[in-house]
Protein chains: 2
Amino acid sequence: MPRSMRHDISISTVRRLSAYYRALRELRGEGIAVASSQLLAERSGVTPAQLRKDLSCFGHFGTRGRGYDLDSLTHELRSILGLDRRWRVGLIGAGNVGSALFSYAPFREQGFDVVAIYDVDPAKIGQVWDGVRIAAIDELRPGAGRVEPLDIAVLAVPAAAAQEVSDLVVAAGVRAILNFAPRKISVPDTVALRTVDMAIELEALSFALRFLAGR
Amino acid sequence: MPRSMRHDISISTVRRLSAYYRALRELRGEGIAVASSQLLAERSGVTPAQLRKDLSCFGHFGTRGRGYDLDSLTHELRSILGLDRRWRVGLIGAGNVGSALFSYAPFREQGFDVVAIYDVDPAKIGQVWDGVRIAAIDELRPGAGRVEPLDIAVLAVPAAAAQEVSDLVVAAGVRAILNFAPRKISVPDTVALRTVDMAIELEALSFALRFLAGR
DNA sequence: TAGATTGTTAATCGATTAACAATC
DNA sequence: TAGATTGTTAATCGATTAACAATC
């Protein structure tokens, strides 16, 4: 993987890499060993040119006249996406959303281990979920409890608390945040942030329905 | 709202409209009645030019030299986004994710009512959640039970079932789908589809961490 | 009127697509 | 070798940004 090329990779490209990775494993599960960009792209919902262009940001993984060896490309993508190791995830918020995320199996299967859970509710603090004790959110503060740092914080807190909790996890040294709170949060540009906002997606559907209905 | 202009509205624009709508209500909550594109944009995380351009797709909502009246713009955005009415939502899948979505308050507050729940698990079928009886998924089939159509189907099913269930809800006349299953699904282009894919978001963070770490 | 700020056009930027030489 | 398909360059497309005339 040419290190020099890793600079201007767009988030769109990265998200498509995830899609390719998934398609790859699907095809492999069907017993296919080698596939063209045409077939891979079809399964991923993109054009073959798009797929080749995306992959070319990271190296030369195919064989002209033949296509891509699925096992080898899977291995490359695992490495590029950082799925060849395990990540330490802290779940902040043990409410409905937090609980669903905690028991979400694909999470763990991809290498993401929830090793810590935090909440503010005294009724929740001290509970043990599948071996993980729910801690008071104050234990995130510098100097408090935790020694091994978290790689990723998953924010499943109310919108009103999102920015404050985000500041807290950033101060605790977390470098990546997945935010489920329906609120825009600001982080330093050394911290990676992704937001999953169900309200926005629903509103996009609502908009589309109104538009479709008007035709 | 110029009807002729509603054709080529990009999904990016629509998602930003949701952000503006949220920022608007936030500012209004702070007692502010009129705001410039500058202030609104700042709160929404975009440039003022972007905000004005987005709004201009739908009409002229501001006053030159003055800015935007927040109440009036809120009203316009509510109408554009279809939030001035209620939508009938069917939840497909009553597992962990489905259960969290069902109890997710912002859902209802924005006008989305879960009026039906479907599952395949005999242990789940017949349960009543907050007044809604969980039905067998077969009741979605044409000719079966339901009379009033659903506006939106929320898919909270395993990846392996996603396409099949999607086909089923489309056949049942649903025009908008919010898919939480980590799988690409295909729908006719008369159906609006949004996907929330936590695996992709986590993998984007994992990619970013590897990159940040490599600097 | 003078100052402020919109709505919109034109310029820029970036991402996608098409085409094809390289090559297995 | 002939056929197939990659990797990459150039062309296209669309989205964002900058600038400014219109105007409150």
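No experiment lies behind these values; they were computed from the predicted model shown.

Colleague: How do you make sense of the protein's contact with DNA strand D when you look at a structure like this?
Modeller: With respect to spatial proximity, 24 residues lie near DNA strand D, and among them Ser37, Arg52, Gly62 and Tyr68 of chain A together with Arg64 of chain B are the closest. The sugar-phosphate share of atoms of DNA strand D within 4 Å of the protein amounts to 65%. Contacts to DNA strand D include Arg16 of chain B, whose side-chain N or O atom sits 3.0 Å from a phosphate oxygen. Of all the secondary-structure elements, those providing two or more residues to the surface near DNA strand D are helix 3 (48–56), strand 2 (62–63) and strand 3 (67–69) of chain A together with helix 3 (48–56) of chain B. Counting residues per element, the surface near DNA strand D draws most heavily on helix 3 of chain B, which supplies four residues. Partitioning the surface near DNA strand D into residue classes produces three nonpolar, 13 polar and eight charged.

Colleague: Looking at this structure, I do not really get the protein's contact with DNA strand C. What am I missing?
Modeller: Close to DNA strand C lie 24 residues; Arg64 of chain A together with Ser37, Arg52, Gly62 and Tyr68 of chain B are nearest. In DNA strand C, atoms within 4 Å of the protein come from the sugar-phosphate backbone in 65% of cases. Within the backbone of Phe61 of chain B, a nitrogen or oxygen atom sits 3.2 Å from a phosphate oxygen of DNA strand C. In terms of residue class, the surface near DNA strand C is made up of three nonpolar, 13 polar and eight charged.

Colleague: Looking at this model, I keep getting lost on helix 7 (residues 162–171) of chain B. Mind explaining?
Modeller: Residues and elements named next belong to chain B. All of the buried residues in helix 7 are Ala162, Val165, Ser166, Leu168 and Val169. Mapping the buried residues of helix 7 onto a view down its axis gives an arc of 160°, with all of them on the same face. Opposite its buried face, helix 7 presents the exposed residues Glu164 and Ala171, each directed more than 90 degrees away. For helix 7, the secondary structure elements touched by its buried residues are strand 4 (87–92), strand 8 (152–155) and strand 9 (176–179). Gly173, located one to two residues past helix 7, shows a positive phi value of around 95°.

Colleague: Any chance you could explain the domain arrangement of chain A here in plain terms?
Modeller: Frequently, the measure chosen for interface size is the accessible area removed from exposure when the parts meet. By the assigned domains, chain A splits into domain 1 (11–80) and domain 2 (87–200). The distance between the C-alpha centroids of domain 1 of chain A and domain 2 of chain A comes to 32 Å.

Colleague: Hey, could you run me through the pairing of strand 8 (residues 152–155) of chain A in this one?
Modeller: Regular strands have side chains that alternate between both faces of the sheet. Residues and elements named next belong to chain A. Here strand 8 shows no split at all, with Ile152 and Val154 on one side and Ala153 and Leu155 on the other all buried. Relative to strand 9 (residues 176–179), strand 8 is paired through four bridges, and the arrangement is parallel. Opposite Ile152, over in strand 9, you have Ala176 as the bridge partner. The β-α-β motif built from strand 8, the intervening helix 7 (residues 162–171) and the parallel element strand 9 has right-handed crossover chirality.

Colleague: Looking at this model, I keep getting lost on the side chain of Asp151 of chain A. Mind explaining?
Modeller: Assignment of secondary structure puts Asp151 of chain A in the loop between strand 7 (132–136) and strand 8. Excluding anything up to four places from it in sequence, Asp151 of chain A contacts Arg85, Arg86, Trp87, Arg88, Val174, Arg175 and Ala176 of chain A together with Leu209 of chain B.

Colleague: I'm lost on the relation of the copies chain B and chain A in this one. Help?
Modeller: Relating the two copies of this chain is a rotation about some axis coupled with a shift parallel to it. Aligned on chain A, chain B shows an RMSD of 0.0 Å; the corresponding rotation is 180° and the shift along the axis is 0.0 Å. Taken together, the rotation and translation relating the two chain copies correspond to the operation of a two-fold axis. The position closest to the rotation axis in chain B is occupied by the C-alpha of Ala100 of chain B, lying 3.0 Å away. Comparing interface residues between copies, 100% of those in chain B also lie at the interface in chain A; the contact surface is shared.

Colleague: How should the pattern of salt bridges be read in this particular structure?
Modeller: Opposite charge on two side chains makes pairing possible when the charged atoms of those side chains draw close. Scanning all chains against the criterion turns up 24 salt bridges over all chains. Asp197 of chain B is the salt-bridge partner of Arg22 of chain A, the closest N and O atoms lying 2.7 Å from each other. One end of the pair, Arg22 of chain A, is in helix 1 (residues 11–29); the other, Asp197 of chain B, is in the loop between strand 10 (192–195) and helix 8 (198–213), on a second chain. The buried category is assigned to Asp197 of chain B, whose relative accessible area is 7%. Three or more residues joined by partner-sharing salt bridges are found here, namely Arg15 and Arg194 of chain A together with Glu201 of chain B.

Colleague: Sorry, what's going on with the interface of chain B and chain A here?
Modeller: At the interface, 63 residues of chain B touch 63 residues of chain A. A combined buried area of about 6000 Å² lies between chain B and chain A, and 67% of that area is made up of carbon and sulfur atoms. On the surface where chain B and chain A come into contact, there are eight salt bridges. Note that Arg210 of chain A is salt-bridged to Asp84 of chain B, the shortest N-O span being 2.9 Å. Where chain B touches chain A, the interface holds 22 residue pairs in polar contact (both at pLDDT 80 or more). Looking at the side of chain B that touches chain A, the elements that each hand over two or more residues are helix 1 (11–29), helix 4 (70–81), helix 5 (96–102), strand 9, strand 10 and helix 8 of chain B. A total of 15 residues in the side of chain B that touches chain A trace back to one element, the largest contributor, which is helix 8 of chain B. In the side of chain B that touches chain A, the residues fall into 34 nonpolar, 12 polar and 17 charged.

Colleague: I keep staring at unusual backbone geometry and nothing clicks. Help me out?
Modeller: Leaving glycine out, the prevailing phi sign among residues is negative, and the prevailing peptide bond configuration is trans. All names here are of chain A. The residue Asp130 is not glycine, and still its phi comes out positive at about 50°. Inspection of the secondary structure puts Asp130 in the loop between strand 6 (128–129) and strand 7. The class for Asp130 is exposed, based on a relative accessible area of 64%.

Colleague: Even after reading the chapter, I still don't get the side chain of Ser166 of chain B, so can you show me in this structure?
Modeller: Structurally, Ser166 of chain B is set in helix 7. By relative accessible area, which is 0% here, Ser166 of chain B ends up buried.

Rules used in this analysis
Residues numbered from 1 in each chain as written. Chains lettered and ligands numbered in written order. Predicted model: local features only at pLDDT ≥ 70, side-chain atom pairs only at ≥ 80, totals over all residues. Heavy atoms only, no water. Near = heavy atom within 4 Å. Polar contact = N/O pair within 3.5 Å; in protein donor to acceptor, adjacent residues only side chain to side chain. Helix = DSSP H or I, 4+ residues; strand = E, 2+ residues; numbered from the N terminus. Nonpolar A, V, L, I, M, F, W, Y, C, P; charged D, E, K, R; others polar. Buried < 20%, exposed > 50% of the residue type's maximum accessible area, 1.4 Å probe, protein only. Arc of directions from axis to C-beta. Contact = heavy atoms within 4.5 Å. Domains from an automatic or database assignment. Pairing = 2+ DSSP bridges. Right-handed = clockwise from strand over helix to strand, strands pointing away. Least-squares fit on C-alpha atoms with pLDDT ≥ 70 in both. Salt bridge = Lys/Arg side-chain N within 4 Å of Asp/Glu carboxyl O. Buried area = accessible area lost by both parts, 1.4 Å probe.

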